[in-house]
Amino acid sequence: GIQVEQSPPDLILQEGANSTLRCNFSDSVNNLQWFHQNPWGQLINLFYIPSGTKQNGRLSATTVATERYSLLYISSSQTTDSGVYFCGLEGNFGNEKLTFGTGTRLTIIP
Amino acid sequence: GAVVSQHPSWVICKSGTSVKIECRSLDFQATTMFWYRQFPKQSLMLMATSNEGSKATYEQGVEKDKFLINHASLTLSTLTVTSAHPEDSSFYICSARVSVGLRKTQYFGPGTRLLVL
């Protein structure tokens, strides 16, 4: 099956800083989503982005499908951005199930 | 947006009892739902895919007789942990898929924390 790697595994930043989270994958994809798991465990959809670039407020994401990576950008971090960020994706020859990376744990310090 | 609820959010039970967790899509119909398990500081592990009106498809290594899944309607899937033991303690999360053309998006419930004593 498709392999997914996320980096960095942990990131500690001061409030107001910017960050870039990376998701590498081993095969072409037809579904890629970014999620934020808050400290209570709820996964929140951030982006559906199998290709291209999208922006939503302070967050943006870019997927370069031909090079098999996706980036999540967070600007002007706030303490509420803390949590774990996961990418989940389905390969082109997949079975319609999302495979998740190991996540990036982001901690924003006031 | 699509909202998925789970009930209960917390459950503590004695070893040997069975626990049922409900997953509901509140504002949409979901022919396909998924059940995940997550251990502390780890990623989500898919347990099974639940399809409305048919048997669930379990991932390798997941005991189907231990984790009973029923998807009786387009808005409800249930996971029953039978004869629970302490090693079944975990965070269980369901998701529902919304398909619009080729776009398939998963939305997650808030999760259920199970503690088996």
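This text goes with the structure placed above it.
The structure presented is a predicted model; accordingly, all values stated were derived computationally and were not measured.

Visitor: Sorry, what's going on with the interface of chain B and chain A here?
Guide: Interface size, as often reported, equals the accessible area lost upon joining of the parts. With 23 residues of chain B in contact, the opposing surface of chain A contributes 20 residues. For the pair chain B and chain A, the summed buried surface comes to about 1700 Å²; carbon and sulfur atoms form 46% of the total. The salt bridge partner of Glu59 of chain B is Lys97 of chain A, with a shortest N-O separation of 2.6 Å. Across the contact surface, chain B and chain A share 9 residue pairs in polar contact (both at pLDDT 80 or more). Secondary-structure elements contributing two or more residues to the side of chain B that touches chain A are β4 (32-38), β5 (44-51), β9 (90-100) and β10 (103-108) of chain B. Here the side of chain B that touches chain A takes 6 residues from β10 of chain B, the largest share from any one element. Classifying every residue of the side of chain B that touches chain A by side-chain character gives 10 nonpolar, 7 polar and 6 charged.

Visitor: Looking at this model, I keep getting lost on the packing of aromatic side chains. Mind explaining?
Guide: Aromatic ring pairs are described here by two measures, namely the spacing of the ring centres and the angle between the planes. With the rule as written, the count across this model stands at 7 aromatic pairs over all chains. Taking 6.3 Å as the distance between ring centres and 90° as the angle between the ring planes, the aromatic pair formed by Phe86 of chain A and Phe100 of chain A counts as edge-to-face. With Phe86 of chain A in strand β9 (residues 83-91) and Phe100 of chain A in strand β10 (residues 99-100), this pair connects stretches of sequence that are 14 residues apart. On the accessibility criterion, Phe86 of chain A (1% relative accessible area) is buried. Phe100 of chain A sits in the buried class, given a relative accessible area of 10%. Ring geometry for Tyr36 of chain B versus Phe108 of chain B: centroids 5.5 Å apart, planes at 45°, classification tilted. Residue Tyr36 of chain B is found in strand β4, and its partner Phe108 of chain B is found in strand β10; the two are separated by 72 residues along the sequence. Relative accessible area serves as the criterion here: at 4%, Phe108 of chain B is assigned to the buried category. Just above the ring of Tyr69 of chain A sits the side chain of Arg22 of chain A; from NZ or CZ to the centre is 4.2 Å.

Visitor: Could you clarify how one ought to interpret the state of the cysteines in this entry?
Guide: Joining two cysteines, a disulfide is a covalent bond between their sulfur atoms. One pass over the structure, following the stated rule, counts 2 disulfides over all chains. Here Cys23 of chain A is linked by a disulfide to Cys87 of chain A, with a sulfur-sulfur distance of 2.1 Å. Linking Cys23 of chain A and Cys87 of chain A, the disulfide has an S-S dihedral of approximately 75° and is accordingly described as right-handed. Linking Cys23 of chain A in strand β3 (residues 19-25) with Cys87 of chain A in strand β9, this pair joins segments that are 64 residues apart in sequence. The residue that forms a disulfide with Cys23 of chain B is Cys94 of chain B, at a sulfur-sulfur distance of 2.0 Å.

Visitor: Just checking my understanding: could you explain the pattern of salt bridges for this structure?
Guide: Side-chain pairs of opposite charge can arise where the charged atoms are in close proximity. Residue and element names in this part refer to chain B. According to the stated counting rule, one finds 4 salt bridges over all chains in the structure shown. In this structure, Arg24 and Glu22 form a salt bridge, with 3.4 Å as the shortest nitrogen-oxygen distance. A relative accessible area of 25% means that Glu22 is categorised as partly exposed. Note that Lys66 is salt-bridged to Asp88, the shortest N-O span being 2.7 Å. Linking Lys66 in the loop between β6 (57-58) and β7 (67-73) with Asp88 in the loop between β8 (76-81) and β9, this pair joins segments that are 22 residues apart in sequence.

Visitor: Quick question: what am I supposed to make of the nonpolar core here?
Guide: In summary, soluble globular proteins display a tendency toward joint burial of nonpolar side chains. Of all hydrophobic cores here, the largest spans 24 residues; its most connected members are Trp35, Phe67, Leu79, Tyr92 and Leu114 of chain B. Those elements that provide at least two residues to this core are β2 (10-13), β3 (19-25), β4, β5, β7, β8, β9 and β11 (112-116) of chain B. One finds Cys23, Leu46, Ala61 and Ile74 of chain A within the second-largest nonpolar core, a separate group that totals 22 residues.

Visitor: Please clarify how a nonpolar patch on the surface should be interpreted in this entry.
Guide: Together, Ile12, Leu115 and Leu117 of chain B line one region of the surface with nonpolar side chains, adding up to about 310 Å² of accessible area. The exposure class assigned to Ile12 of chain B is exposed, which follows from its relative accessible area of 58%.

Visitor: How do you make sense of unusual backbone geometry when you look at a structure like this?
Guide: The phi angle of most residues is negative, glycine excepted, and most peptide bonds adopt the trans form. Cis rather than trans, the peptide bond between Ser7 of chain A and Pro8 of chain A has omega equal to -10°. By the element assignment, Pro8 of chain A lies in the loop between β1 (4-7) and β2 (10-14). Of note, the amide linkage connecting His7 of chain B to Pro8 of chain B takes the cis form, showing an omega dihedral of 0°. Tracing the backbone through its elements, the reader meets Pro8 of chain B in the loop between β1 (4-7) and β2. Phi angles above zero are rare outside glycine, and Lys41 of chain B is one such case at about 60°. With respect to the helices, strands and loops of the structure, Lys41 of chain B is situated in the loop between β4 and β5. The phi dihedral of Ser83 of chain B is positive, around 45°, even though this residue is not glycine. Relative to the helices and strands, Ser83 of chain B resides in the loop between β8 and β9.

The rules behind these values
Residues numbered from 1 in each chain as written. Chains lettered and ligands numbered in written order. Predicted model: local features only at pLDDT ≥ 70, side-chain atom pairs only at ≥ 80, totals over all residues. Heavy atoms only, no water. Contact = heavy atoms within 4.5 Å. Buried area = accessible area lost by both parts, 1.4 Å probe. Salt bridge = Lys/Arg side-chain N within 4 Å of Asp/Glu carboxyl O. Polar contact = N/O pair within 3.5 Å; in protein donor to acceptor, adjacent residues only side chain to side chain. Helix = DSSP H or I, 4+ residues; strand = E, 2+ residues; numbered from the N terminus. Nonpolar A, V, L, I, M, F, W, Y, C, P; charged D, E, K, R; others polar. Phe/Tyr/Trp six-rings, centres within 6.5 Å; stacked < 30°, edge-to-face > 60°. Buried < 20%, exposed > 50% of the residue type's maximum accessible area, 1.4 Å probe, protein only. Lys NZ or Arg CZ within 6 Å of the ring centre and 35° of its normal. Disulfide = S-S within 2.5 Å. Core = buried A, V, L, I, M, F, W, Y, C linked by side-chain atoms within 4.5 Å. Patch = residues over 30% accessible without salt bridge, like charges linked within 9 Å, V, L, I, M, F, W, Y side chains within 5 Å. Areas by Shrake-Rupley, 256 points an atom, 1.4 Å probe, with all protein chains shown as cover.

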